[in-house]
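As a plain string of letters, each chain reads:
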Amino acid sequence: MDLRIFTEPQQGATYDTLLAVAKATEDLGFDAFFRSDHYLHMGDVDGLPGPTDAWITLAGLARETNRIRLGTLMTAATFRLPGVLAIQVAQVDQMSGGRVELGLGAGWFEEEHKAYGIPFPQEKFARLEEQLAIVTGLWGTKPGETFSHHGTHYDLTDSPALPKPAQAKIPVLIGGHGAARTPRLTAQYADEFNLPFGSVEDTELKFGRVRAAAERAGRKADDLTYSNALVVCVGKDDQELARRAAAIGREVDELKSNGLAGSPAEVVDKIGRYAEIGSQRMYLQILDLDDLDHLELISSQVQSQLS
């Protein structure tokens, strides 16, 4: 089971805070540092000092880390034109020496679009499908050849399809709870399927749908990586657990029901239940980015038992 650190910087974080978390992620032996792609805080927080851009952040971290994978859960297809996105991600991949992964989703948070003047179209899923075709098509075009796409929402003619990533193929992640279109797009374009904030039972159902879609598309279901994203809150004892839950404005019982919470042994046990139904990778949503001792505890007493 790979453990990856997943952050939500729109809730309030500077680049320096994210850098500290990314360096701790690397030093403590975690597999990757991922972040959300949002421009507006959610819930009862002020979001200060304000948002940071996902791909600008990852470009900086690409030059200040050496080993960990870097990526997004999920980049919003509404935020960037697909040709521009392909250039940005390929450049960050070059800057990192080939450590980037792209999680791409349709976009859903209407308020952040209104707040920053970003169009929020009704036909978001159709745009996502075209973005996937364009981004992967640009990267997959052989050097010296050109790429064209004439779709409903985007039109590219004789693109030189440059620059190329450092990796032969940047892994693409698709996620969500959709019953039909999400599995189909995953089977067609993705290297990994991610189910965010789902129970063990829901995960088994959604993984099964993706596996079936892959087989229908002529792929081996096991060619895909299957992963979950869950909030994490671990404490050495009940007092520490309660303190960490209070720091993120959550109740311990709720966290235990909907995430990975409790003692290290409890969290190891619950991760094991996800592994039993096919989860290979866990994105640990860290909501208190100043609590680096939390990461150390997870590394020393959870990750060590899963390696």
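What comes next concerns the included structure. If you're wondering where the values come from, they're calculated on a predicted model, not measured in any experiment. (Residues numbered from 1 in each chain as written. Predicted model: local features only at pLDDT ≥ 70, side-chain atom pairs only at ≥ 80, totals over all residues. Heavy atoms only, no water.)

**Quick notes on the overall build of the chain**
Note the following rule: Helix and strand assignments follow DSSP, with helices taken as H or I runs no shorter than four residues and strands as E runs no shorter than two, numbered in order from the N terminus. When we talk radius of gyration, it's over C-alpha atoms, and the globule rule is simply 2.2 Å times the number of residues to the 0.38. Whether a residue is buried, partly exposed or exposed follows from its accessible area with a 1.4 Å probe, protein chains only, as a fraction of its type maximum: under 20%, in between, or over 50%, in that order. Contacts between residues were defined by any pair of non-hydrogen atoms, one from each residue, lying within 4.5 Å. Here the accessible surface of atoms and residues is derived via Shrake-Rupley with a 1.4 Å probe, and residues count as covered only by protein chains that are part of the display. None of His or the chain ends enter the tally, which takes Lys and Arg as positive and Asp and Glu as negative. The atom standing in for a charge is NZ when the residue is Lys, CZ when it is Arg, CG when it is Asp and CD when it is Glu.
The helix and strand tally for the chain stands at 11 helices and 12 strands. Computed over C-alpha atoms, the radius of gyration of the chain comes to 19 Å, within 12% of the 19 Å expected from 2.2 N^0.38 for 307 residues, which places it in the range of a compact globule. Within the chain, the proportion of its 307 residues that are buried is 54%. Counting only contacts in the chain whose residues sit at least 6 apart along the sequence, the fraction spanning at least 24 positions is 72%. With the model as given, the accessible surface of the chain reaches about 13,500 Å², and the carbon-plus-sulfur share is 49%. A gap of 5 Å separates the mean positions of the 30 positive and 44 negative side-chain charges of the chain.

**Some details on the nonpolar core**
Short version of the rule: Nine residue types can take part in a nonpolar core, namely buried Ala, Val, Leu, Ile, Met, Phe, Trp, Tyr and Cys, and a core is a set of them joined through side-chain atoms within 4.5 Å.
Counting residues in hydrophobic clusters, the biggest one holds 74 residues, and the most contacted among them are Phe33, Trp55, Trp139 and Leu284. Tallying contributions element by element places helix H5 (residues 124–140) first for this core, with eight residues. Within the second largest apolar cluster, eight residues are counted, among which are Ala245, Ile248, Leu255 and Ala261.

**Comments concerning the packing of helix H1 (residues 15–27) against helix H2 (residues 54–64)**
As a reminder of what qualifies: For helices, the axis comes from a line fit to the C-alpha atoms of the stretch in contact; other axes are also lines fit to C-alpha atoms, and the angle between any two N-to-C directions lies between 0 and 180 degrees. Oblique is the label for every angle not falling under 35 degrees (roughly parallel), over 145 degrees (roughly antiparallel), or within 65 to 115 degrees (roughly perpendicular). In this scheme the handedness of a crossing depends on how the near helix is turned from the far one: anticlockwise by less than a right angle means left-handed, clockwise means right-handed.
Contact geometry for H1 and H2: axes closest at 10 Å, N-to-C directions at 45°. Comparing their axes, H2 and H1 come out oblique. Relative to H2, the crossing made by H1 is right-handed. Of the residues in H2, those in contact with Tyr15, Leu18, Leu19, Ala22 and Lys23 of H1 are Thr57, Gly60, Leu61 and Glu64.

**Topic: the pattern of salt bridges**
For clarity, the cut-off: Each reported salt bridge corresponds to a side-chain nitrogen of Lys or Arg within 4 Å of a carboxyl oxygen of Asp or Glu.
In total, this model carries 19 salt bridges according to the counting rule given. Notably, a salt bridge pairs Glu129 with Arg184, separated by 2.9 Å at the nearest N-O pair. Here Glu129 is found in helix H5, whereas its partner Arg184 is found in helix H6 (residues 181–189), with 55 residues between them in sequence. Overall, Arg184 belongs to the partly exposed group, its relative accessible area being 36%. When salt bridges that share partners are traced, they join Lys236, Glu240, Arg243, Arg244 and Asp291 into one network.

**Considerations on the packing of helix H3 (residues 82–96) against H5**
Inclusion rule: Note on residue categories: nonpolar means Ala, Val, Leu, Ile, Met, Phe, Trp, Tyr, Cys or Pro, charged means Asp, Glu, Lys or Arg, and polar means any other residue, Gly included.
Running from amino to carboxyl end, H3 crosses H5 at an angle of 45°, the nearest separation of the two axes being 9 Å. The angle between the axes of H3 and H5 places the two elements in the oblique class. The interaxial crossing formed by H3 with H5 has right-handed handedness. Here Pro82, Gly83, Leu85, Ala86, Val89 and Ala90 of H3 come into contact with H5, specifically with Gln131, Ile134, Val135, Leu138 and Trp139. Looking at the contact of H3 with H5 residue by residue, the class counts come to nine nonpolar, two polar and no charged.

**Some details on the packing of aromatic side chains**
Here is the rule: In this scheme Phe, Tyr and Trp rings, the latter by its six-membered ring, pair at centre separations within 6.5 Å, and the angle between planes marks the pair as stacked below 30 degrees, edge-to-face above 60, and tilted otherwise. Geometrically, a lysine NZ or arginine CZ counts as sitting over a ring once it is within 6 Å of the ring centre and also within 35 degrees of the ring normal.
What the rule picks out here adds up to six aromatic pairs. Every member of this aromatic cluster is reached through a ring pair, and the members are Tyr39, Phe79 and Tyr116. Arg181 extends its terminal NZ or CZ atom over the ring of Phe125, reaching a point 4.2 Å from the ring centre.

**A short note on the pairing of strand S3 (residues 69–72)**
Worth spelling out the cut-off: At least two bridges found by DSSP between two strands are what make those strands a pair. We call a crossover right-handed when, viewed with both strands directed away from the observer, the connection leading from the first strand over the helix to the second proceeds clockwise.
The alternating pattern of S3 places Arg69 and Gly71 and Leu70 and Thr72 on opposite faces, both of which are buried. Summarising the sheet, strand S2 (residues 32–35) and S3 pair through four bridges and their orientation is parallel. Bridged to Phe33 within S3 is Leu70. In this region the chain leaves S2, passes through H2 and returns to the parallel neighbour S3; the handedness of that crossover is right-handed. By the bridge criterion, two bridges tie S3 to strand S5 (residues 100–105) in an arrangement that is parallel. Of the residues in S5, the one forming a bridge with Gly71 is Glu101.

**So, the environment of Phe30**
Secondary-structure assignment places Phe30 in the loop between H1 and S2. On the accessibility criterion, Phe30 (0% relative accessible area) is buried. Considered as a pair, Phe30 and Pro9 are 21 residues apart in the sequence and their alpha carbons are 19 Å apart. Setting aside residues no more than four positions away along its own chain, Phe30 makes contact with Leu3, Ile5, Thr25, Arg67, Ile68, Leu284, Leu295, Ile298, Ser299 and Gln303.

**Some thoughts on the environment of Phe207**
With respect to the secondary-structure elements, Phe207 resides in helix H7 (residues 200–216). Placed 24 residues apart in sequence, Phe207 and Pro183 show a C-alpha to C-alpha distance of 8.8 Å. If sequence neighbours within four positions are ignored, Phe207 has contacts with Phe193, Leu195, Tyr226, Ser227, Asn228, Ile277, Gly278 and Ser279.

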